[in-house]
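Coordinate inspection notes
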Amino acid sequence: MQALVLAGGEGTRLRPLTADVPKPVLPLAGRPFLGFMLDWLGRHGVDDVLLSCGFLSDAVEEALGDDWRGIRLRYVREREPLGTGGPLRLAYDEGLLDERLYMLNGDVLCDFDLTAQRERHAETGALATIALTAVEDTSSYGVVPTAPDGQVEAFLEKRPGPAPTNRVNAGCYLLEREVAERIPSGAAASMEHDVFPSLCMNGLYGFHAEGYWMDIGTPERYLEATWDLLEGRIASDLPERDAGGSLVGEGSVVEGARIGPKAVVGERCVVGAGTVVDHAVLHDGVTVGERCALERCIVARDVRIEDGARVEAGAVIGAGAVVAAGATVGAGARVEPGERVG
Ligand code: GTP
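Described below are features of the structure shown in this document. Keep in mind it's a predicted model, so treat the numbers as computed, not measured. (Residues numbered from 1 in each chain as written. Predicted model: local features only at pLDDT ≥ 70, side-chain atom pairs only at ≥ 80, totals over all residues. Heavy atoms only, no water.)

**Focus: the pairing of strand E1 (residues 2–6)**
Each regular strand carries side chains that alternate between the two faces of the sheet. Counting buried residues in E1 gives 5 out of 5 residues, a clear majority hidden from the surface. Of the two faces of E1, the one holding Gln2, Leu4 and Leu6 and the one holding Ala3 and Val5 are both buried throughout. Pairing of E1 with strand E7 (residues 100–105) involves 5 bridges; the strand directions are parallel. Within E7, the position partnered with valine 5 by the bridge is leucine 104. Pairing between E1 and strand E4 (residues 48–53): 5 bridges, direction parallel. Residue pairing for E4: valine 5 is matched across the bridge by leucine 51. (Buried < 20%, exposed > 50% of the residue type's maximum accessible area, 1.4 Å probe, protein only. Helix = DSSP H or I, 4+ residues; strand = E, 2+ residues; numbered from the N terminus. Pairing = 2+ DSSP bridges.)

Next comes the structure, spelled out in structure tokens:
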């Protein structure tokens, strides 16, 4: 079974983390994000994955190579960003597509039953079957109502006021190859705005998916996904967490520091005595001095945080930045890669 994974976006909402690491391979709980997606696909019989890349494509290939635990990985590179639909046509033009395939946004952490979605797709004879997930608050999503026979009636843009359904597009589709023929060659297109609306009540079905779903595209959701993985709210083969539900990577030294609850310390980090790392994520090679306080923040690789510094909730520090002794990075602040604070 084949899957095409969209991995070419710039990930602007996760900047500065995505300045030099593309979102699909950002470390999440210590491993490249797509590793979780590939494991999930593998559990549902996918053994051939096309990674659709553009922005920083070499970094995606460097992180994943040409095989992930027995799944063959191939790369489709676009010269200009083709959006979420154009990459399907490009893979088609390159003669790479099977007759039926999954297509996924490369930023969703999820455990839906893809096998059941595939069965439903076969039963209805759909051209495309889109996983729809229920959300509590629809205000930041477009919603997707379906008719009693399961066909998608419309793609409704987000708007204020009550929505006709709380089901939203989960970024996980099963497609017949001929869907690609409806997309113009060599141009950007959007699955959500161009391709699917034209298939409403005309071969596009919804699959009401149950289970865990999180799009990791903002710092807040990246942190939530991290905590959920640490707590085991979504299945993974992460190493055993400590009593506080935290992970400390190989080669890291954290003696005398309080790591957790629910923190991730990457590989080769040093965290000084008296420092607290609470619900925070440190990527590899981070150095933190003594008596620092890091809370609900994300610290990219090779950052140095000196003695007595504070990093407050929601702050994101780019790779190689320095936070000087005693300085504070305020709540929600963004520190650019290589910048010096204080
Ligand atoms: P933001 O800039 O923060 O919105 O993130 P993004 O660029 O990743 O966009 P979005 O979250 O809407 O993208 C959904 C999925 O499509 C992600 O997995 C992206 O990597 C992917 N994607 C977005 N634009 C492109 C593109 O032009 N080409 C390819 N190949 N993938 C894309």
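**Here we look at the packing of aromatic side chains**
A complete count under the given rule lists 3 aromatic pairs for this structure. Relative to phenylalanine 196, the ring of phenylalanine 155 has its centre 5.8 Å away and its plane inclined at 25°; by these criteria the two rings are stacked. Here phenylalanine 196 lies in the loop between helix H6 (191–195) and strand E11 (204–208) and phenylalanine 155 lies in the loop between strand E9 (128–134) and strand E10 (167–176), a separation of 41 residues in the sequence. Given a relative accessible area of 0%, phenylalanine 196 falls into the buried group. Judged by centre distance (4.7 Å) and plane angle (75°), the rings of tyrosine 173 and phenylalanine 196 are edge-to-face. Here tyrosine 173 is found in strand E10, whereas its partner phenylalanine 196 is found in the loop between H6 and E11, with 23 residues between them in sequence. Of the residues examined, tyrosine 173 reaches a relative accessible area of 1% and is grouped as buried. Aromatic ring contacts, followed pair by pair, group Phe155, Tyr173 and Phe196 into a single cluster. (Phe/Tyr/Trp six-rings, centres within 6.5 Å; stacked < 30°, edge-to-face > 60°.)

**Section: the sheet that holds strand E15 (residues 264–265)**
Across the sheet, which stays open at both edges, the 6 strands sit in the order E13-E15-E18-E21-E24-E27 with parallel pairing between neighbours. This sheet does not close on itself; its edge strands, each paired only once, are strand E13 (247–248) and strand E27 (334–335). Pairing analysis gives 2 bridges linking strand E18 (residues 281–282) to strand E21 (residues 298–299), with the strands arranged parallel. The residue of E21 that forms the bridge with leucine 282 is valine 299.

**Some words on the side chain of histidine 121**
On the secondary structure map, histidine 121 appears in helix H4 (residues 114–124). In this structure the side chain of histidine 121 is engaged in a polar contact, spanning 2.7 Å, whose partner is the side chain of threonine 129. (Polar contact = N/O pair within 3.5 Å; in protein donor to acceptor, adjacent residues only side chain to side chain.)

**A closer look at the environment of leucine 26**
Positionally, leucine 26 belongs in the loop between E1 and strand E2 (27–28). Those residues within four positions of leucine 26 in sequence are excluded, and the remaining contacts are Leu14, Leu17, Thr18, Val21, Arg31, Pro32, Phe33, Tyr222 and His283. (Contact = heavy atoms within 4.5 Å.)

**Re the site of the ligand**
Around the ligand, the structure places 19 residues, and the nearest of them are Thr12, Arg13, Ser52, Glu78 and Gly106. Interatomic distance of 2.5 Å between a side-chain N/O atom of threonine 12 and an oxygen atom of the ligand. Starting from 610 Å² of accessible surface for the ligand in isolation, the protein chains cover 83%. Residue composition of the shell around the ligand, grouped by class: 5 nonpolar, 9 polar and 5 charged. (Near = heavy atom within 4 Å. Areas by Shrake-Rupley, 256 points an atom, 1.4 Å probe, with all protein chains shown as cover. Nonpolar A, V, L, I, M, F, W, Y, C, P; charged D, E, K, R; others polar.)

**A closer look at the nonpolar core**
The biggest cluster of nonpolar side chains holds 62 residues, and the ones touching the most others in it are Leu41, Val49, Leu51, Leu64, Leu73, Leu104 and Leu109. Each residue touching leucine 109, except ones within four places of it in the same chain, is listed here: Leu28, Phe33, Phe36, Tyr212, Trp213, Met214, Ile216, Ala225, Leu229 and Ile234. The next biggest cluster of nonpolar side chains, apart from the first, holds 30 residues, and it includes Ala91, Ala128, Ala189 and Cys200. (Core = buried A, V, L, I, M, F, W, Y, C linked by side-chain atoms within 4.5 Å.)

**So, helix H1 (residues 33–43)**
For H1, a buried count of 9 out of 11 residues is recorded, marking the element as mostly surrounded by other parts of the structure. Those residues of H1 not exposed but buried are Phe33, Leu34, Gly35, Phe36, Met37, Leu38, Asp39, Trp40 and Leu41. Two residues or fewer after H1 comes glycine 45, characterised by a positive phi angle close to 85°.

**Some points on helix H2 (residues 57–64)**
Listed as buried for H2 are Ser57, Val60 and Leu64. For H2, the arc enclosing every buried residue in end-on projection is 60°, short of the 170-degree limit, so these residues lie on one face. Away from its buried face by more than 90 degrees, H2 exposes Asp58 and Glu62. On its buried side, H2 packs onto strand E3 (31–32), H1, E4, strand E5 (67–68) and strand E6 (71–77). At the C-terminal side of H2, glycine 65 shows a positive phi close to 70°. (Arc of directions from axis to C-beta.)

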